[in-house]
Amino acid sequence: MTNDTAAAVPATALPLAPGNWALDPFHSSVNFTIRHLGIAKVRGRFERLEAELYVGERVEDVRVSATIDLASVNTGNADRDAHVRASDLLDVEKRPTMTYRSTRVSGEAEDWTMEGELTIGAVTRPVTLAVEFGGLVDVPMDGSRHAGFEATGEIRRSEFGLDFAPGLLGEVVKIQLDMQFVEPKNG
């Protein structure tokens with residue numbers, strides 16, 4: 001199936017083969033944006049992540065989970081990254097990871113919604129992501145089939161106990177995930 005045919009799949013059918021799809025970490029990223037001083041955006045990403053996509057026979061069976069290493073934050077400035085990791089901000093000693101587990105997936109064609117639970121440290125809150133299905137493609141080098149997704153959403157820092165530096169840092173953190181998964185091999 002190519003990008004062109006993925007959009008033609010009926011809403012009741014899944015365009016993905018059942019099984020455990022493996023993350024392609026070389027073509028996946030977790031990015032964020034937060035306002036600094038209310039006037040400019042700081043962009044960053046997390047360099048280390050693990051994710052799993054399980055596809056069942058029905059949409060109701062789809063499950064997604066991800067674990068992100070908070071110490072892998074990269075804003076393009078080593079001094080700022082060290083401060084973000086410190087005890088007065090993210091405190092990666094107490095909060096080494098953030099995890100996401102889907103609870104419901106719905107949608108059709110390219111446009112999907114994924115409801116789930118995000119955990120940072122000891123705090124878990126519901127987070128809904130808008131998901132765009134980019135399609136499927138067979139990779140010529142090895143014949144593997146890849147599926148691409150973009151997911152976007154936002155969280156409020158104070159809801160996760162990350163209410164440090166009000167006024168200095170914005171309350172809302174915008175999230176963008178670009179993910180590729182590799183189809184399970186049959187047999």
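Residues numbered from 1 in each chain as written. Predicted model: local features only at pLDDT ≥ 70, side-chain atom pairs only at ≥ 80, totals over all residues. Heavy atoms only, no water.

Draft legend 1. Just the overall build of the protein, in detail. Per the secondary structure count, the protein includes 2 helices and 11 strands. Sequence-ordered secondary structure for the protein, helices as α and strands as β, is α-β-β-β-β-β-β-α-β-β-β-β-β. Relative to a compact globule of 187 residues, whose C-alpha radius of gyration would be 16 Å, the protein shows 18 Å and is just as compact. Taking the principal axes of the C-alpha coordinates as reference, the protein spans close to 50 × 30 × 30 Å. When burial is assessed residue by residue, the protein has 42% of its 187 residues classed as buried. (Helix = DSSP H or I, 4+ residues; strand = E, 2+ residues; numbered from the N terminus. Rg over C-alpha atoms; globule rule 2.2 N^0.38 Å. Buried < 20%, exposed > 50% of the residue type's maximum accessible area, 1.4 Å probe, protein only.)

Draft legend 2. Local environment of unusual backbone geometry. Positive phi values are uncommon outside glycine, yet leucine 37 reaches one of about 60°. Looking at the element boundaries, leucine 37 is found in the loop between strand 2 (29–36) and strand 3 (40–46). Using a relative accessible area of 47% as the deciding quantity, one classes leucine 37 as partly exposed. Despite not being glycine, aspartate 91 has its phi angle at roughly 55°, a positive value. Along the polypeptide, aspartate 91 turns up in the loop between helix 2 (78–85) and strand 7 (97–108).

Draft legend 3. Representation of a positive patch on the surface in the model. A cluster of basic residues, Arg35, Lys41, Arg43 and Lys174, forms a positive patch on the protein surface. The residue arginine 43 is located in strand 3 in this model. (Patch = residues over 30% accessible without salt bridge, like charges linked within 9 Å, V, L, I, M, F, W, Y side chains within 5 Å. Areas by Shrake-Rupley, 256 points an atom, 1.4 Å probe, with all protein chains shown as cover. Salt bridge = Lys/Arg side-chain N within 4 Å of Asp/Glu carboxyl O. Lys, Arg positive; Asp, Glu negative; His and termini not counted. Charge placed at Lys NZ, Arg CZ, Asp CG, Glu CD.)

Draft legend 4. Representation of the confidence of the model for the protein in the model. On average, residues of the protein score 88 in pLDDT, and 93% of them reach the 70 mark or higher. Mean pLDDT values for the elements of the protein range from 42 in helix 1 (residues 3–6) up to 96 in strand 5 (residues 63–69). Confidence over residues 1–12 falls short of pLDDT 50; this stretch has 18 contacts with residues more than four positions distant or in other chains. (pLDDT = per-residue confidence, 0-100. Contact = heavy atoms within 4.5 Å.)

Draft legend 5. Molecular detail of the environment of isoleucine 34. Note on placement: isoleucine 34 falls in strand 2. Along the primary structure isoleucine 34 and leucine 169 are separated by 135 residues, whereas in three dimensions their C-alpha atoms are 7.0 Å apart.

Draft legend 6. Representation of a negative patch on the surface within the structure. Judged by side-chain charge, Glu108, Glu110, Asp111 and Glu132 come together as a negatively charged surface patch. As for its position among the elements, glutamate 110 is in the loop between strand 7 and strand 8 (111–120).

Draft legend 7. Molecular detail of the pairing of strand 3. Pairing of strand 2 with strand 3 involves 7 bridges; the strand directions are antiparallel. Pairing of phenylalanine 32 across the sheet is with glycine 44, part of strand 3. Here strand 3 pairs with strand 6 (residues 73–74) via 2 bridges, running antiparallel. For arginine 45, the partnering residue across the bridge sits in strand 6 and is asparagine 74. (Pairing = 2+ DSSP bridges.)

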